[in-house]
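# Architecture at a glance
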Amino acid sequence: MYLGLAFLWAPVLLLAGYAFSADRIPFQWGGFSTRWFAALAANDRLMEAALLSLRVAAGAATLAVILGGLAGFALARTGAFRGRAVFGALAGAPLVLPEVVTGLSLLLLFVALAGLTGWPAERGATTVLLAHATIGLAYVAVVVQARLAGQGREMEEAAASLGARPLVAFCTVTLPLMAPALAAGWLMAFTLSLDDVVVASFVSGPAGTTLPIYLFSRIKVGLTPEINALGVVILGVAGVALGLAAWLLRPRRA
Amino acid sequence: MAPGEFLALLGGSGSGKSTLLRLIAGFEAPDQGRILLDGADLSPLPPHRRPVGMMFQGYALFPHLSVFDNVAYGLRRDGVARAEIARRVDEALAMVGLEETARRKPHQLSGGQRQRVALVRALVRRPRLLLLDEPLAALDAGLRERTGLELRAIQRATGAGFVMVTHDQAEALALADRVAVLEQGRLAQLATPMALYERPASRFVARFLGAANVLEGRASGSVIAGPGCALRPAEAVPDGDAAVALRPERIRLVAAAPAENGVAATVTDIAYRGDTWLVLAEAGGTTLRVTLPAGAAPPAQGAQVALAWDAASLVVLRG
Amino acid sequence: MRGAVALPFLWLLALVAAPLLILAVIAASTAADGIPPFALPTGWQGLADNLAVLADDPLYAAALLRALVVAGVTGALCLLLGYPMALAIARAAPARRPVLLLLVLLPFWIGFLLRISAWIGLLRDEGWINGVLLALGLIAAPLPMLYSDGALLVGMVHSYLPFAVLPLFAALTRLDPTLEEAAGALGARPAVAFWTVTLPLSLPGALAGFLLVFIPAAGEFVIPELLGPPEAQLVGRVLWTEFFQNRDWPLAAALALALLVLLVPSILLFQRLEARA
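Residues numbered from 1 in each chain as written. Chains lettered and ligands numbered in written order. Predicted model: local features only at pLDDT ≥ 70, side-chain atom pairs only at ≥ 80, totals over all residues.

## Description of the interface of chain C and chain B
For clarity, the cut-off: By the convention adopted here, residues make contact when the C-beta atoms placed from their backbones lie within 7 Å. Helix numbering and strand numbering both begin at the N terminus, where a helix is a DSSP run of H or I of at least 4 residues and a strand a DSSP run of E of at least 2. Each residue gets one of three labels, nonpolar for Ala, Val, Leu, Ile, Met, Phe, Trp, Tyr, Cys and Pro, charged for Asp, Glu, Lys and Arg, and polar for the others, Gly among them.
Taken residue by residue, the interface counts 16 residues in chain C and 17 residues in chain B. Contributions of two or more residues to the side of chain C that touches chain B are made by helix H8 (177-185) and helix H9 (190-218) of chain C. Ranked by residue count, the leading element in the side of chain C that touches chain B is H8(C), at 7 residues. In terms of residue class, the side of chain C that touches chain B is made up of 10 nonpolar, 3 polar and 3 charged.

## Some points on the interface of chain A and chain C
Counting residues at the interface gives 57 residues for chain A, matched by 63 residues for chain C. Contributing elements (two or more residues each) for the side of chain A that touches chain C: helix H1 (2-18), helix H3 (44-77), helix H4 (84-96), helix H5 (99-117), helix H6 (125-151), helix H10 (211-221) and helix H11 (225-248) of chain A. Ranked by the residues each element gives to the side of chain A that touches chain C, the list is headed by H5(A), at 11 residues.

## Things to note about the domain arrangement of chain B
Applicable threshold: Start and end positions for the domains come from either an automated domain assignment or a database one.
Under the domain assignment used here, chain B contains domain 1 (6-197) and domain 2 (211-317). A C-alpha centroid distance of 41 Å is found between domain 1 of chain B and domain 2 of chain B.

## Observations regarding the nonpolar core
As a reminder of what qualifies: Linking buried Ala, Val, Leu, Ile, Met, Phe, Trp, Tyr and Cys residues through C-beta atoms within 7 Å yields a set, and such a set is a nonpolar core. For the exposure call, what matters is how many other C-beta atoms sit within 10 Å of a residue's own: 20 or more marks it buried, 12 or fewer exposed, and in between partly exposed, using C-beta atoms placed from the backbone.
Within the largest apolar cluster, 166 residues are counted, with the highest numbers of intra-cluster contacts made by Leu104(A), Leu255(C) and Ala256(C). The element that contributes the greatest number of residues to this core is H3(A), accounting for 18 residues. Structurally, this core is a two-domain feature, drawing no fewer than three residues from each of domain 1 (1-33) and domain 2 (44-227) of chain A. With sequence-adjacent residues up to four places away left out, Leu255(C) is seen in contact with Leu54(C), Tyr60(C), Val235(C), Val238(C), Leu239(C) and Glu242(C).

## A few points about the sheet that holds strand E8 (residues 186-191) of chain B
All names here are of chain B. What counts is decided by this rule: We treat two strands as partners when DSSP finds at least two bridges between them. Every axis in this analysis is a line fitted to C-alpha atoms, fitted for helices over the stretch in contact. Angles between the N-to-C directions lie between 0 and 180 degrees.
The 6 strands lie next to each other as E4-E5-E6-E1-E7-E8, forming an open sheet whose pairing is mixed. In this open sheet, the two strands that pair with only one neighbour each are strand E4 (52-55) and E8. The sheet shows a mean angle of 20 degrees between the axes of neighbouring strands, direction not considered. Note: strand E5 (residues 129-133) against strand E6 (residues 161-166), 5 bridges, orientation parallel. Note that in E6 the partner of leucine 129 across the bridge is glycine 161.

## Looking at the confidence of the model for chain C
The line we're drawing: Across the chain, each position has a pLDDT score giving the predictor's confidence in that residue, from 0 to 100.
When the pLDDT values of chain C are averaged, the result is 86; 97% of them are 70 or greater. The complex model carries a pTM of 0.82, and its ipTM stands at 0.86.

## Things to note about unusual backbone geometry
Backbone geometry places Tyr59(B), a non-glycine residue, at a positive phi of 75 degrees. Take Tyr59(B): it is sitting in the loop between E4 and helix H2 (67-77). On the basis of neighbour count, Tyr59(B) is assigned to the buried category, with 25 C-beta atoms found within 10 Å. The residue Arg247(C) is not glycine, and still its phi comes out positive at about 50 degrees. Examined against the element boundaries, Arg247(C) turns out to sit in the loop between helix H11 (235-245) and helix H12 (249-276).

## A closer look at the pairing of strand E12 (residues 240-246) of chain B
Residue and element names in this part refer to chain B. E12 sits mainly inside the fold: 5 of its 7 residues count as buried. As defined by bridge partners, strand E9 (residues 213-220) adjoins E12 across 7 bridges and the pair is classed as antiparallel. Each residue of the ladder has a partner; that of leucine 215, found in E12, is valine 244. Inspection of the sheet shows E12 paired to strand E18 (residues 315-317) by 3 bridges, in the antiparallel sense. Counted as the bridge partner of alanine 245 is valine 315 from E18.

## Quick word on H6(A)
Residues and elements named next belong to chain A. Quick note on the threshold: A helix is expected to span 1.5 Å for every residue after the first.
For H6, built from 27 residues, the straight-helix expectation of 39 Å at 1.5 Å per residue is met to within 8% by its first-to-last C-alpha distance of 38 Å. Where burial is concerned, most of H6 is hidden: 20 out of the 27 residues are buried. Once H6 finishes, glycine 152 follows within two positions and takes phi at roughly 75 degrees, a positive value.

## Details of the packing of H5(A) against H12(C)
For the record, the criterion: Roughly parallel here means an angle under 35 degrees, roughly antiparallel means over 145, roughly perpendicular means 65 to 115, and every remaining angle is called oblique. Take the far helix as your reference; a near helix turned counterclockwise from it by less than a right angle gives a left-handed crossing, and one turned clockwise gives a right-handed crossing.
With their axes 10 Å apart at the nearest point, H5(A) and H12(C) run at an angle of 140 degrees to one another. Comparing their axes, H12(C) and H5(A) come out oblique. At the point where H5(A) passes H12(C), the crossing takes the left-handed sense. From H5(A), Val100(A), Val101(A) and Leu104(A) reach across to H12(C), where they touch Ala252(C), Ala253(C), Ala256(C), Leu259(C) and Leu260(C). Per-class residue counts for the contact of H5(A) with H12(C) are 8 nonpolar, no polar and no charged.

## Let's talk about the packing of H10(A) against helix H5 (residues 112-123) of chain C
At their nearest, the axes of H10(A) and H5(C) sit 10 Å apart, and the two run at 15 degrees to each other. Relative to H5(C), the element H10(A) is oriented roughly parallel. Crossing angle aside, the handedness with which H10(A) passes H5(C) is left-handed. Taking contact as the criterion, the partners of Pro212(A), Leu215(A), Phe216(A) and Ile219(A) in H10(A) are, on H5(C), Leu113(C), Ser117(C) and Ile120(C).

Here it is in structure tokens:
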């Protein structure tokens, strides 16, 4: 257990620690300094890529929650309908397809679409967003379906017996039941999008340099301490988000 | 506990009956005290070294092993020779009529069959003591009575000591040689089923077994001033606060209440229970439970009735 | 109710089914000069030709095989390291489990590329490990660790470990704890009880964990690019090169299709395990 945790944490902690080293070579100690954080803030291309990534991730996660929530609800509640097996297989496919296959096939779709309809004229943030929303959809659908399957139909049936029309029952009972799964799904889709290199590399164009694409090209050339500093910033944001989530989900007395 | 005895641990939820069983089996360690088996302290031994078998409430049959391998599991741990294992497992399965199912997996068996596999799996190592945690609780009501009697027959045939945990008093009374009633971790009474039912030692035992009426009052000269009546038990009662138990089936309807061991009461509720009528009658602020044979015509709700009982039916409670 | 199905269904048809169909069509095409650089297929001959090229040229077959081997070894290592972790978390007091799970997952929030870059910083010739070993006098010259199979596997295992831990943890917590107690009551020492009861019953979870690592790892191309030996390429990288540099779209599509077909048994097996759990 501790061996495994050490293996997981050692590189991360070393990376974080050396972010505060003044030395120009990463992972060399040159005295305490925050100069790389300043350099990070001054790196326009990186900041631009990060901003674009956040926007794409938020958009993709929101789309994924809407579509995936509907898909999960349909799979858990609507029973048999024509094409259900196909629907289920398609919703599960992005979870199990290797990223290169997803990326290449989506790229080919966008190229074919551009040839037929003229849209998208240029691949970039929009195509990445569509791709990420599709992958996120699959994750959200799985979480939502599991949550609803675990709850049974009694709740909706109780609402119906109390006089709620199906749409009212959905809004007042099913949707609140789905809410934790939707929130978890949004976060999953968001982090997935922020962390994706492969699919984004395939479907993006010159105007769509997301943070992972930028970092990938930087790291291929060589390491800089700025990247360590970026790691510290991300860990800090993750820590704050985690604390916030723990505070929001803290056990409350009934 | 005597060798070869069938002992039932009876108590409600939270009474500590399962904890006691887990202590004997070794899954939990006692804070203090010792657990003796034939004079030897079991406490320092881990579960697998104790000469004690256990049948779990959910049976805990290994789902990946066949019935045969489940039953053979303990013998293999003991290093018994292959041929001997086959002989003893076949013999054990034959004892409960499951020879045909040896190759099946637990999920292919009915509830009653699983119960019997769990029983012989625990018995086949010939433990000196077998612990049974609610052995009949998972069975259908119809199966429970017959399986219980089979359980007792197997216990007699093997001569192993059985300790059975149950929350069902009828089960405990019907099967066990002696019953230990537990109340919040304490032993409330240990007695044979008949003695327990006829002579409960405390208010708790009296109420828990057969829902006896417990009548409170002040005793003076062996007469207790109870709720609206005078109670004179056959045995002597020390002066002061006193309580007696009176079984519902020992109360009779009479034409006029006697001065002692009788009371005038108002019927508040009646319920038909197949073999009996249950009558709730209020007297002196206390509700009495009375059971009458189903053949008799029951009193109407709200009727004034006279009730009486024998002095020998009153059991003086000491706790 | 109808809308709940129609909207995501159309989306999935457009963005999952259609792309795979196009992939298959292009895999059956023949390469040609022009934009786009292929001629639409006239029959199954094109697909057969492309697959024949893949089978004949050792570069492609080797890249596919190597990717499967690397993914398999990664999966096995993840199980080896992840099983004790999942067991420790499953056996921990219920109040401590979320904290331990979080400790397993939190390093992932820093991002996949940054973790790989940390490994580069540790493993390269002038990296942290070599620096420490040199300073301690244990070695005279830096050990060449980066751009090796070892570095590749370290990075892969580090990236995919939680995918193995989570299903294992789920499988182990699903097990009825009285089963091991029953084994104990039947005379099995704790180690024997684990070996004869817990381990066999957790095998489906272990297989699911292995597949959850194996399937995505087979197509991985960022980690091999950054940490692995440059001369031995995996299928993901070869596919990228064929598509973007050699502009041989049909061949790249055929390669993707071949990878997919090789993984289909694993994918189906994984989905069956999930459905049963």
